[in-house]
Amino acid sequence: MPQIPEKIHELTVGQLSARSGAAVSALHFYEAKGLISSRRTAGNQRRFSRDTLRRVAFIRAAQRVGIPLATIRSALAELPEERTPTREDWARLSEAWRSELDERITQLNRLRDHLTDCIGCGCLSLDTCVLSNPDDVFGERQAGSRLMAEGR
Ligand code: FES
């Protein structure tokens with residue numbers, strides 16, 4: 001991993017990419033989504049403050065565990081004066097996201113268990129296939145298509 005001398009306080013997008021491991025296109029995407037920001041030089045080149053490295057690490061770690069970008073953006077926006085997340089921020093936010101992850105893992109386990117029933121079936125029935133209609137709230141209340149029931 002390329003080292004950046006301490007005296008350098010701003011990074012080009014290429015340096016930020018090399019140091020953070022995020023593709024340049026991903027960094028542009030994060031910037032377009034308001035997750036990171038840069039200033040422009042007289043030659044219209046992006047320059048990122050050095051602490052953007054930590055911000056990108058935060059974003060990538062959160063993404064790796066499946067946190068949606070919108071949630072990450074909200075979390076970053078709550079930090080005072082858009083400061084870079086500290087160790088304590090990460091500890092607090094990751095704790096809050098843990099229950100969300102647990103719920104998602106439970107859902108995925110349930111879907112995986114039902115997938116066994118679907119292998120070799122192919123019916124994709126709205127009445128009997130849990131994978132094709134996983135949130136069959138209407139099915140619990142009444143039989144048949146939701147649209148047909150509403151049209152009656
Ligand atoms: S595909 Fe037939 S039960 Fe899921």
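Above: the structure in question.
Calculation rules
- Residues numbered from 1 in each chain as written.
- Predicted model: local features only at pLDDT ≥ 70, side-chain atom pairs only at ≥ 80, totals over all residues.
- Heavy atoms only, no water.
- Helix = DSSP H or I, 4+ residues; strand = E, 2+ residues; numbered from the N terminus.
- Buried < 20%, exposed > 50% of the residue type's maximum accessible area, 1.4 Å probe, protein only.
- Contact = heavy atoms within 4.5 Å.
- Areas by Shrake-Rupley, 256 points an atom, 1.4 Å probe, with all protein chains shown as cover.
- Pairing = 2+ DSSP bridges.

1. Some details on the overall build of the chain
- Tallying secondary structure elements over the chain gives seven helices and three strands in all.
- Traced from its N-terminal end to its C-terminal end, the chain shows the element sequence β-α-α-β-β-α-α-α-α-α.
- Relative to its 152 residues, the chain shows a buried fraction of 23%.
- The contacts in the chain between residues at least 6 apart in sequence include a share of 48% that link residues at least 24 apart.
- By element, 53% of the accessible surface of the chain is carried by carbon and sulfur atoms, the whole surface being about 10500 Å².

2. Quick look at the sheet that holds strand β1 (residues 10–11)
- Strand order in the open sheet formed by three strands is β1-β3-β2, and the pairing between neighbours is antiparallel. What marks the edges here is a single partner per strand, and that holds for β1 and β2 (39–40).
- Two strands pair when backbone bridges link them, and β2 and strand β3 (residues 46–49) are joined in this way by two bridges, in the antiparallel orientation. Bridge pairing in β3 places R39 opposite R47.

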